[in-house]
Amino acid sequence: MQTDTSTPNAVKAPTPGPAPKRKKLWHHLYFWVLVGIAAGITIGLAAPEVGAQMKWLADLFIKLVKVVIAPTIFATVAVGIAGLGNLAKAGGLALKTVIYFNITTVFALGIGLVVINLLGPGRMLGLDLATFDASAAEGTLSSAGAAAGEGLTGFLLHLVPGSFFGAFVEGQLIQVLVMAILVACAITMLGERGKPAVAALDTIAQVMFGVIKIVMWFAPLGAMGGMAFTIGEYGSAILGSLGYFMVSFWMTCLLFLFLVLGPICWWSGFSIFKYIRMIRDELLIVLGTSSSETVLPRMLAKLEAAGVPKSVVGLTIPTGYSFNLDGTAIYMTMGAIFIAQAFGIEVPIGTQIALLVFMLISSNGAAGVSGAGLVTLAASLAAFESVIPLAGIALIVGIDRFMSEGRALTNLTGNGIGTLVVARWTGQLDRERLAEVLDNPSLVDPDRLQAEKNAAAAAAAESPINALPAK
């Protein structure tokens, strides 16, 4: 039955003007990112030694993006919550967001457990813990030990930075999120007096978006360096059982996308395939850099232009970067059971469920950058070392980079879908606009959106102050 696509509370996106001229292929960012990925793979295969030394390109690109991520999240979250003008409404939106994120994370953890038990990629290794060399994971084990030693109390204390600017200096996104919520609540309580602060924060966010736009054209080089390093350094690790485990993980991510998130998209009134087409540029950038943080501002702009109110986008997307890491959740459960299988250890179903619950908590707050999943997995295993040997983390160090892309891609896709679903759940999604954008993704091209905003701002600045609206 056809349902009404309009809702009384929906916030309508601006009606687009004439259809944009079709860009030539080489004018699209995704084309050059694809060229960079292909060049990186070629270098990694043809000259592994050279490729192994090109990681600095990807690291430089990620560092350039991370410089503006913290202020961008702070500004967008504060503007999103304060823009609602009602703390009760903001609390309801936040509650629904967290509920949805935790439900999908449970499904991600569960599907990871099911697939790893059915396929059993580690059973053919037959390793002996007494003779196993864990030296390859010394750094990871050290970081995991520090994280695991903090416990729940340490996690709660970590939510609050040592100073207001400490979260920005250290790049702790979950702390930035907490400070943004506190500031937004304070602005909301000011009422009319708080409107200039909201306008100022919104301007800061737009400036950060402009910086990201400049930095993003370095993405092809970053993707080339990342892929060249991955293939050149770890290409041999994708053979045998480790390769089987890696393929199992990627397959599980696809199963989660199409068997769990696909029906959720259908219930929300849109196609997951059209959604993936809409964010293809962002997916390719993440594939090349192994970091979902690199496309955060682009996702904010696209989803807002696709019919999601700024208040929902500003709260849901940044929150998802700390609390909706579906790809990381899949990786953690599969990695833990793979290590147990490699040493011939059968983990009881009760212990697996306890592991799932523990990982549901420990995955919250994990960073969206390459390598964080491995440390989070090791920290979780430290709590179950009596069953699963923590030293076994050395098994998957060599292929972690290949799986990092899968984690980041799944995290990014899930966060965007979550934003649309929460907007639909709260009755604020402009479904007509979303359908229009999904049929024609060029309507939400970030460069075009920014140009339109600049033109509108210039027109407003030039118009006479006392001019009456045209009849």
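All figures in this text were calculated on a predicted structure; none of them were measured in a lab. (Residues numbered from 1 in each chain as written. Predicted model: local features only at pLDDT ≥ 70, side-chain atom pairs only at ≥ 80, totals over all residues. Heavy atoms only, no water.)

Asker: Explanation requested: the overall build of the protein chain in the structure shown.
Answerer: Counting its secondary structure elements, the protein chain contains 20 helices and zero strands. Per-residue burial for the protein chain yields a buried fraction of 51% across its 471 residues. Residue pairs in contact within the protein chain that sit at least 24 positions apart in sequence constitute 85% of those at least 6 positions apart. When the accessible surface of the protein chain is summed, it comes to about 20,700 Å², and 68% of that surface belongs to carbon and sulfur atoms. (Helix = DSSP H or I, 4+ residues; strand = E, 2+ residues; numbered from the N terminus. Buried < 20%, exposed > 50% of the residue type's maximum accessible area, 1.4 Å probe, protein only. Contact = heavy atoms within 4.5 Å. Areas by Shrake-Rupley, 256 points an atom, 1.4 Å probe, with all protein chains shown as cover.)

Asker: When you look at the packing of aromatic side chains in this model, what are you seeing that I'm missing?
Answerer: How two aromatic rings sit relative to each other is set out by the distance from centre to centre and by the angle between their planes. Taken as a whole and assessed by the stated rule, the structure comprises 12 aromatic pairs. An aromatic cluster is defined as three or more aromatic residues linked by ring pairs; in this entry it consists of Phe 74, Phe 164, Phe 165 and Phe 168. Directly above the ring of Trp 267 sits Arg 424, whose terminal nitrogen or CZ lies 5.4 Å from the centroid. (Phe/Tyr/Trp six-rings, centres within 6.5 Å; stacked < 30°, edge-to-face > 60°. Lys NZ or Arg CZ within 6 Å of the ring centre and 35° of its normal.)

Asker: In this structure, what is going on with helix α15 (residues 326–342)? I would like to understand it.
Answerer: Between the first and last C-alpha of α15 there are 24 Å, a value that for 17 residues agrees with the 24 Å anticipated at 1.5 Å per step. Most of α15 is tucked away: 17 of the 17 residues are buried. Once α15 finishes, Gly 344 follows within two positions and takes phi at roughly 70°, a positive value. (Expected span 1.5 Å × (residues − 1).)

Asker: What should I look at first to understand the environment of Ile 116 in this one?
Answerer: Topologically, Ile 116 is positioned in helix α4 (residues 87–119). Its relative accessible area of 0% is what places Ile 116 among the buried residues. Sequence-wise, Ile 116 and Ala 336 are 220 residues apart; in three dimensions their C-alpha atoms are separated by 9.5 Å. If we skip the residues at most four places from it in the chain, Ile 116 touches Pro 121, Phe 245, Met 334, Ile 337, Phe 338 and Gln 341.

Asker: I'm lost on the UniProt feature "transmembrane region" (unreviewed entry) in the protein chain in this one. Help?
Answerer: Mapped onto the present numbering, the UniProt feature "transmembrane region" (unreviewed entry) falls at residues 29–47, 67–87, 99–119, 173–191, 203–229, 249–270, 337–361 and 373–397. The span residues 99–119 is 100% helical and 0% strand by assignment, and the distance between its end C-alpha atoms comes to 31 Å. Span residues 337–361 is 76% helix and 0% strand, its end C-alpha atoms 18 Å apart. (UniProt positions renumbered as here; feature names shortened; annotations may be inferred.)

Asker: When you look at the packing of helix α12 (residues 280–289) against helix α18 (residues 400–425) in this model, what are you seeing that I'm missing?
Answerer: Working note: a packed helix pair is described by the angle between its axes plus the distance between those axes. At a minimum axis distance of 8 Å, the contact between α12 and α18 shows a crossing angle of 155°. What the angle tells us is that α12 and α18 run roughly antiparallel. In this structure, α12 meets α18 at a crossing whose hand is right-handed. Contact with α12, carried on its side by Glu 282, Leu 283, Val 286, Leu 287, Gly 288 and Thr 289, involves Arg 401, Glu 405, Ala 408, Leu 409, Leu 412 and Thr 413 of α18 and no other residues of that element. For the contact of α12 with α18, the per-class residue count stands at six nonpolar, three polar and three charged. (Axes fitted to C-alpha atoms, helices over the stretch in contact; angles between N-to-C directions. Parallel < 35°, antiparallel > 145°, perpendicular 65-115°, else oblique. Left-handed = near helix turned anticlockwise from the far one by under 90°. Nonpolar A, V, L, I, M, F, W, Y, C, P; charged D, E, K, R; others polar.)

Asker: Hey, could you run me through a nonpolar patch on the surface in this one?
Answerer: Taken together, the side chains of Val 114, Leu 118, Leu 119, Met 124, Tyr 244 and Met 251 present a nonpolar region at the surface, about 570 Å² in accessible area. Of all elements in the fold, only α4 and α10 (240–267) reach the threshold of two or more residues within the nonpolar patch. The element best represented in the nonpolar patch is α4, accounting for three residues. With respect to the helices, strands and loops of the structure, Tyr 244 is situated in helix α10. (Patch = residues over 30% accessible without salt bridge, like charges linked within 9 Å, V, L, I, M, F, W, Y side chains within 5 Å. Salt bridge = Lys/Arg side-chain N within 4 Å of Asp/Glu carboxyl O.)

Asker: Looking at this model, I keep getting lost on the pattern of salt bridges. Mind explaining?
Answerer: Side chains that carry opposite charge are capable of pairing whenever their charged atoms lie near each other. In the structure shown here, the tally under the stated rule is eight salt bridges. In this structure, Lys 55 engages Asp 59 in a salt bridge whose closest nitrogen and oxygen atoms are separated by 3.0 Å. With Lys 55 and Asp 59 both in helix α3 (residues 55–84) and four residues apart, the pair spans about one turn of that helix. One salt bridge connects Arg 298 with Asp 281, and the closest N-O pair in it is separated by 3.7 Å. Here Arg 298 is found in helix α13 (residues 296–305), whereas its partner Asp 281 is found in helix α12, with 17 residues between them in sequence. Looking at Arg 298, the relative accessible area reads 9%, which means it is buried. With a relative accessible area of 9%, Asp 281 lands in the buried category. The network of salt bridges with common partners includes Asp 281, Glu 282, Arg 298 and Lys 302.

Asker: How should the nonpolar core be read in this particular structure?
Answerer: Across soluble globular proteins, nonpolar side chains have a tendency to be buried as a group. In this structure, Tyr 275, Met 278, Leu 377 and Ile 396 are the most contacted members of the largest nonpolar core, which totals 123 residues. Of all the elements, α3 adds the most residues to this core, at 13 residues. Residue contacts for Leu 377: discarding those within four places in its chain leaves Tyr 331, Met 332, Gly 335, Ala 336, Met 359, Ile 393 and Ile 396. (Core = buried A, V, L, I, M, F, W, Y, C linked by side-chain atoms within 4.5 Å.)

Asker: Whenever I open this one, the side chain of Thr 328 confuses me. Can you help?
Answerer: Along the chain, the position of Thr 328 falls in helix α15. In terms of polar contacts, Thr 328 uses its side chain to reach the side chain of Asn 411, at 3.4 Å. (Polar contact = N/O pair within 3.5 Å; in protein donor to acceptor, adjacent residues only side chain to side chain.)

Asker: Hey, could you run me through α3 in this one?
Answerer: With 30 residues, α3 should reach 44 Å at 1.5 Å per residue; the first-to-last C-alpha distance of 43 Å fits that figure. Bending of α3 peaks at approximately 30° at the position of Ile 69, with proline Pro 71 no more than four residues after it. Where α3 terminates, the next one or two residues include Gly 85, which has phi positive at roughly 70°. (Bend = angle between axes of the 7 residues up to and from the residue.)

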